[in-house]
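Each chain, written out:
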Amino acid sequence: MKLENNNKQIIKRITNSSLKYNKLRNIVVVIAIVLTTFMISSVFSIGASLIKNYHIMSVRLAETTANVYLPNPREEQIKAIEKLGISDSVGKEILVGQIVKKDIQKSKGYVFLKYYDKENWQKQITPAIGDVKGNYPIKENEVMMSKKALELLGKDESKIGDKIKLSYRGNEGSKIKKEFVLSGIYTTYGLKLDTGYIAVSEKFIKSNNLNILDNGILSFTLKNNKKNEAPDLLESNVDLDEGQLYQYCYDIDQDSKEMAKSSVAVIGTIGLFIVFSGYLLIYNIMHIAVTKDIHFYGLMKTIGTSPKQIKKIVKGQVFRLSTIGIPIGLILGFVVSFILLPMLISTVSSGTDGNAMPSEISFSPLIFICATLFSLFTISLSCRKPAKIAGNISPTESLRYSGSKGNKQKKDRKSTNGGKLYKMAWYNVFRDKKRAILVFASLFIGIITYLSVNTFLDCIGMENYINNRVRNDFEIQNRKAVDGKINDRFIKEIQNMDGVKSVSNFKLSNLQRNINEIPDPMAQYGEKYGEDSVKLLDEAMRFHEGIEKDHSAYVSPITVGVDDLAIEKYNDKNNVKIDVEAFKTGKLALVDSNHFSKEKNKCIIDKNFTKENIVLRGKHKNSLNFNVTQIVKDYNFLLPDTGSPTVYISLHQLEKLDKNAVNYTLHINVDKKYEKAINSDIKKMTKDKNLFVISKSEEIKALKHSERIMDIIGGGMSIVLILIGLLNFINVMVTGINIRLKELAVMESIGMTKNQIKKMLTLEGTYYAGITTLLVSTLGMTIVFTIGKMAKKIANYAEFIFPTVTLISLAILIFAVCLITPSIAYKYSSKKSVTERLK
């Protein structure tokens, strides 16, 4: 029967004495705890800010939080959509007109006048803009303008309250001049760097008889958990008019639940790696401490100290040191996250304006509370095994304890010419399998944690974002489709430039589409709208007369000829594949998604006609019949949205139907080292032709600030993680040598030289480095590739690029640390004589 003894005060005194005696060990343990706490708090704090800022950037570049649009909605349709309960906000937007000014046309920009209702402005537009000064217009003569609009109008210095004269063309084509008062200014961040916006008041809309049915669009933001079912709910519960179509500005096929799962999986995986890295760091240090003091704990057992009391002594030391390390780690995490990093970002971003990526680091007390709890959990877990070793060891075992059990069944290891160092090193690496697994786990987890974070950040990086949105290095647009501005000589000159890899040509034509019957105006409008159809009937009569005079004026789509190279690139990049050969031979035409009905394989060329196929005929009565498929809407796969029904056919087929088709757009891709020179040459060639040029490098430059911020935040996270990985690296190697100091002293006492011991330890390091590199290159790359795939589900523009340079750099670093650390550790530990070390 065991009797409990009350020795709490004695245990407390021994714990305090042990702490005073092991000052160097205490410093190392505190540093380990500080680093673990700092790592958890700073990485998650910076990471949370990065995710939040990335979301803000995405909204800003999209210019709105809305993700579904319905043009010219009726009041019944609006009420039906609101009743469905699938949206967070339903807003109205009305196009008032477009500014008419020669200076704007020369700069190839656009300025639009728009009205946004309260719901649209506050919940959809406001989150996508910044630097808001003043208020949304209330009076009829008030306007709120984006900085880009003021810049295009040459009114950069305007202040709130200033009077501004505007000349604009209304929706019906009439030119209007009016003086407004500036009520507010704001900054836009979208990729449409040539577009400015002017917001008008509700009173202005009413006084000018503008309404959403004739001039507007309904925009709504879907709830995240309703995105999958929204298309079916809208289709079955809201009756659309002929020609009305929903435009979805998100990937309908992308499962939002899958996105959420992928986000949790990525964050969970990286978080697990981080916590495990901290655990290994503290565990290795405590293992060294217990191994060094194992004789002391054996002696404690001889005087009656119980295993439970010894465990309390070991754990008590660590937890007391954690009261110093955890607060320091939290303070360092706070300072780095909220003082040093914002200072660095503000230094880098000084002189920049209108950048989509915010530079704020968000403070969340929950992160620091969780960091404290995680650190305590990690510390508790990491000191369990060393405390168990100290508590369970007998006094006799403590005298010959070396930290390594060795193989249970020793083989007869004969040697005729002394021990081969490389064989001895290999045996030392694997003689204690548990320890070998711990060493490889420490090295592997440190490297994989860094690679995982780095890969994820690279996948969602700004360069991938721009590459997804701007598909070509250069685009030259003949926006007004003036014949001769882009001629064969012009194209040939670009093709012959040094460094030009490919030039894709798009031609524009207004081919007529054959129709079988002309609709009856009364049947089309009168019966449907009854007494309220006077205006619509008038429009219908004009439509009817126009058809009789010239079919092409009303029923002809814009027809774009696409060359073979461009259609092959489209098919390669697009998720939904088309029959390229059918397209090239003139059997298939593409229609943009805004003019494609929900019924399978039916296109809407205008809001009055729906056909299963298209018959296009030229001026000389030659015609071609095309099957129709829908273009999956995406940024610049072929051409930006023209705002009109657009049909894409093969360039060769278009030239057969219309030899006078106008060269409309060129897509140019170049060798990166020639990009700057080509950019300069293209600007010279287009200077006097009033052609619009888009340069990918300049688009990236415009968003360079956002890229720098992501690099700083991502780089900060990576530095913290690689620092922990390296320390764990070194710690593992030092642990291995420290627990074998007596063994190495015995080997030296029987004739092994210090140089031979160093060489053996260096070979052990080489084996560790080689096997770790192999593990990282195989299993590690599987994990990294999986994280890359998950990033793709989180952000559809994400792109996984194999980290070749990073992997090679890490391999060199692993070998350098593994080769150098053992020699340095042994040199430091073997300063005493062999006799002293044997004692």
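**Topic: the overall build of the protein chain**
Logical step 1: Scanning the protein chain from N- to C-terminus turns up 32 helices and 22 strands.
Logical step 2: Here the protein chain holds 839 residues, and the buried ones make up 50% of them.
Logical step 3: At a minimum sequence separation of 6, the contacts of the protein chain that also span at least 24 residues come to 82%.
Logical step 4: As displayed, the protein chain has an accessible area near 42,400 Å², and 55% of this comes from carbon and sulfur atoms.

**Comments concerning the environment of Lys312**
Logical step 1: Tracing the sequence through the fold places Lys312 in helix H12 (residues 307–348).
Logical step 2: A sequence separation of 297 residues divides Lys312 from Thr15, and the C-alpha atoms of the two residues are 8.5 Å apart.

**Observations concerning the packing of helix H16 (residues 421–430) against helix H17 (residues 433–459)**
Logical step 1: Across the interface, H16 lies against H17 with an axial gap of 6 Å and an inter-helix angle of 90°. One way to sum up the angle between H16 and H17 is to call them roughly perpendicular. Each of Asn428, Val429 and Phe430 in H16 lies in contact with H17, whose residues at this interface are Lys433, Arg435, Ala436 and Phe440.
Logical step 2: Looking at the contact of H16 with H17, its residues break down into four nonpolar, one polar and two charged.

**Section: the nonpolar core**
Logical step 1: Counting residues in hydrophobic clusters, the biggest one holds 61 residues, and the most contacted among them are Ile33, Met286, Val314 and Phe456.
Logical step 2: For this core, the element with the highest residue contribution is helix H2 (residues 23–62), accounting for 12 residues.
Logical step 3: In terms of nonpolar packing, the next biggest core, distinct from the first, is built from 47 residues, Ile78, Leu113, Tyr136 and Ala149 among them.

**Section: the packing of aromatic side chains**
Logical step 1: For the coordinates displayed, the defined rule picks out 10 aromatic pairs.
Logical step 2: With centroids separated by 5.3 Å and ring planes inclined at 85°, the aromatic side chains of Phe785 and Phe800 adopt a geometry described as edge-to-face. Taken together, the positions of Phe785 in helix H30 (residues 754–794) and Phe800 in the loop between H30 and helix H31 (804–829) put the pair 15 residues apart, joining distant regions of the chain.
Logical step 3: Judged by relative accessible area, which is 25%, Phe800 ranks as partly exposed.
Logical step 4: Chaining the aromatic ring pairs together yields one cluster made of Trp426, Phe430, Phe440, Tyr767 and Tyr768.
Logical step 5: Here the guanidinium or amino end of Lys178 rests over the ring plane of Phe180, the centre of that ring lying 5.7 Å away.

**So, the pairing of strand E1 (residues 68–71)**
Consecutive side chains of a regular strand alternate in pointing toward one face of the sheet and then the other.
Logical step 1: For E1 and strand E10 (residues 247–248), the ladder comprises two bridges, and the chain directions are antiparallel. Within E10, the position partnered with Tyr69 by the bridge is Gln247.
Logical step 2: Bridging between E1 and strand E9 (residues 216–222) involves four bridges; their strand directions are antiparallel. Bridge assignment links Tyr69 to a residue of E9, and that residue is Ser219.

**Some points on a positive patch on the surface**
Logical step 1: Residues Lys315, Arg384, Lys385, Lys388 and Lys434 make up a contiguous surface patch of positive charge.
Logical step 2: With three residues, helix H14 (residues 384–392) is the single largest residue contributor to the positive patch.
Logical step 3: Position of Lys385 among the secondary structure elements: in helix H14.
Logical step 4: Judged by its relative accessible area of 39%, Lys385 is partly exposed.

**Focus on the packing of H16 against H30**
Logical step 1: Running from N to C, H16 and H30 cross one another at 55°; their axes reach a closest spacing of 8 Å. If you check the angle between H16 and H30, you find them oblique. Like other packed secondary-structure pairs, H16 and H30 cross with a definite hand, here right-handed. Taking contact as the criterion, the partners of Leu421, Tyr422, Met424, Ala425, Trp426, Asn428, Val429 and Phe430 in H16 are, on H30, Gln756, Lys759, Met760, Leu763, Glu764, Tyr767, Tyr768 and Ile771.
Logical step 2: Here the residues of the contact of H16 with H30 sort into 12 nonpolar, two polar and two charged.

**A word on the pattern of salt bridges**
Logical step 1: Summed over all chains, the structure comprises 11 salt bridges.
Logical step 2: For Lys147, the salt bridge goes to Asp131, with nearest N and O atoms at 4.0 Å. Taken together, the residues Lys147 in helix H6 (residues 147–152) and Asp131 in strand E4 (residues 130–134) connect sequence positions 16 residues apart.
Logical step 3: By relative accessible area, which is 29% here, Lys147 ends up partly exposed.
Logical step 4: When the shortest N-O distance is used, the salt bridge between Lys226 and Glu229 registers 4.0 Å.
Logical step 5: Glu229 sits in the partly exposed class, given a relative accessible area of 35%.
Logical step 6: Here the salt bridges share partners, and the residues they tie into one network are Arg74, Glu76 and Asp241.

**Concerning the pairing of strand E11 (residues 474–477)**
Logical step 1: By the alternation rule, side chains of E11 split into Phe474 and Ile476 and Glu475 and Gln477, which are all buried.
Logical step 2: Of the strand pairs in this sheet, E11 and strand E22 (residues 692–695) are connected by four bridges, and their pairing is antiparallel. Of the residues in E22, the one forming a bridge with Glu475 is Ile694.

**Section: the confidence of the model for the protein chain**
Logical step 1: Considering every residue of the protein chain, the mean pLDDT works out to 75; 75% of them sit at 70 or more.
Logical step 2: Across the protein chain, strand E5 (residues 142–146) holds the top mean pLDDT of 94, while helix H22 (residues 552–555) sits lowest at 38.
Logical step 3: Low confidence marks residues 604–610, where pLDDT is under 50. Its contacts with residues over four positions away, or in another chain, come to 34 contacts.
Logical step 4: When the criterion is pLDDT under 50, residues 632–636 qualifies, and its contacts beyond four places in sequence or with other chains add up to 15 contacts.

**Side note on the environment of Val68**
Logical step 1: Along the polypeptide, Val68 turns up in strand E1.
Logical step 2: For Val68 and Phe220, which are 152 residues apart along the polypeptide, the C-alpha to C-alpha distance reads 5.5 Å.

**Observations concerning helix H1 (residues 8–21)**
Logical step 1: Here H1 contains 14 residues, and its C-alpha end-to-end distance of 20 Å stays within 8% of the 20 Å for a straight helix at 1.5 Å per residue.
Logical step 2: Of all the residues in H1, the buried ones are Ile11, Thr15, Ser18 and Leu19. Projected down its long axis, H1 shows its buried positions confined to an angular sector of 100°, all on one face. Exposed side chains of H1 directed beyond 90 degrees from the buried face belong to Gln9, Arg13, Lys20 and Tyr21.

**Regarding helix H11 (residues 294–302)**
Logical step 1: Regarding H11, the residues found buried are Ile294, Tyr297, Gly298, Met300 and Lys301. Around the axis of H11, the buried residues are gathered within 155° of arc, so they sit on the same side.
Logical step 2: In the stretch just after H11, Gly304 is the one whose phi turns positive, near 100°.

**Section: a nonpolar patch on the surface**
Logical step 1: A grouping of Phe319, Ile369, Leu373 and Leu376 is seen on the molecular surface, where their side chains present a nonpolar patch of about 340 Å² in accessible area.
Logical step 2: By residue number, the principal contributor to the nonpolar patch is helix H13 (residues 365–382), which donates three residues.
Logical step 3: Its relative accessible area of 32% is what places Leu376 among the partly exposed residues.

**Some details on unusual backbone geometry**
Logical step 1: Positive phi, close to 50°, is recorded for Asp131, a residue that is not glycine.
Logical step 2: Judged by its relative accessible area of 39%, Asp131 is partly exposed.
Logical step 3: The residue Asn209 is not glycine, and still its phi comes out positive at about 55°.
Logical step 4: Along the polypeptide, Asn209 turns up in the loop between helix H7 (202–207) and helix H8 (212–215).

Conventions adopted
What you see as residue numbers is a count from 1 along each chain, following the sequence as written. Given that the model is predicted, a residue must reach a pLDDT of at least 70 before its local features are reported, and side-chain atom pairs must reach 80 or more before they are shown or counted; all residues, however, enter totals for whole chains, interfaces and linings. Hydrogens and water molecules were not included; the side-chain quantities draw on all heavy atoms of the structure. Numbering of helices and strands runs from the N terminus; a helix is a DSSP stretch of H or I covering at least four residues, while a strand is a stretch of E covering at least two. Only protein chains enter the area calculation, which uses a 1.4 Å probe; residues under 20% of their type maximum are buried, those over 50% are exposed, and those in between are partly exposed. It only takes one pair of heavy atoms within 4.5 Å for two residues to be counted as in contact. Working definition of accessibility: Shrake-Rupley area with a 1.4 Å probe, residue cover restricted to the visible protein chains. Every angle, taken between N-to-C directions, lies between 0 and 180 degrees, and every axis is a line fitted to C-alpha atoms, over only the stretch in contact when it is a helix. Oblique is the label for every angle not falling under 35 degrees (roughly parallel), over 145 degrees (roughly antiparallel), or within 65 to 115 degrees (roughly perpendicular). Polar here means any residue other than Ala, Val, Leu, Ile, Met, Phe, Trp, Tyr, Cys and Pro, which are nonpolar, and Asp, Glu, Lys and Arg, which are charged; Gly is therefore polar. What is meant by a nonpolar core is a set of buried Ala, Val, Leu, Ile, Met, Phe, Trp, Tyr and Cys residues, joined one to another through side-chain atoms within 4.5 Å. When the centres of two rings from Phe, Tyr and Trp lie within 6.5 Å, Trp using its six-membered ring, the rings pair. Their planes under 30 degrees apart give stacked, over 60 give edge-to-face, and anything left gives tilted. In this scheme, the term charge over a ring applies when either NZ of a lysine or CZ of an arginine sits within 6 Å of the ring centre and within 35 degrees of the ring normal. The criterion for strand pairing is that DSSP finds at least two bridges linking the strands in question. A residue counts toward a patch only above 30% relative accessible area and without a salt bridge, and it is joined to like-charged neighbours within 9 Å or, for Val, Leu, Ile, Met, Phe, Trp and Tyr, to nonpolar neighbours within 5 Å. For this document, the term salt bridge refers to a Lys or Arg side-chain nitrogen within 4 Å of an Asp or Glu carboxyl oxygen. Under the counting rule used here, the positive set is Lys and Arg, the negative set is Asp and Glu, and His together with the chain ends is not counted. A single reference atom marks each charge: NZ on Lys, CZ on Arg, CG on Asp, CD on Glu. For a crossing to be left-handed, the near helix must be turned anticlockwise from the far one by less than a right angle; the clockwise case is right-handed. Every residue gets a pLDDT, meaning the predictor's confidence in that residue, from 0 to 100. By definition here, a helix of n residues has an expected span of 1.5 Å times n minus one. Working definition: the arc comes from the directions between the helix axis and the C-beta atoms, pointing outward to the latter.

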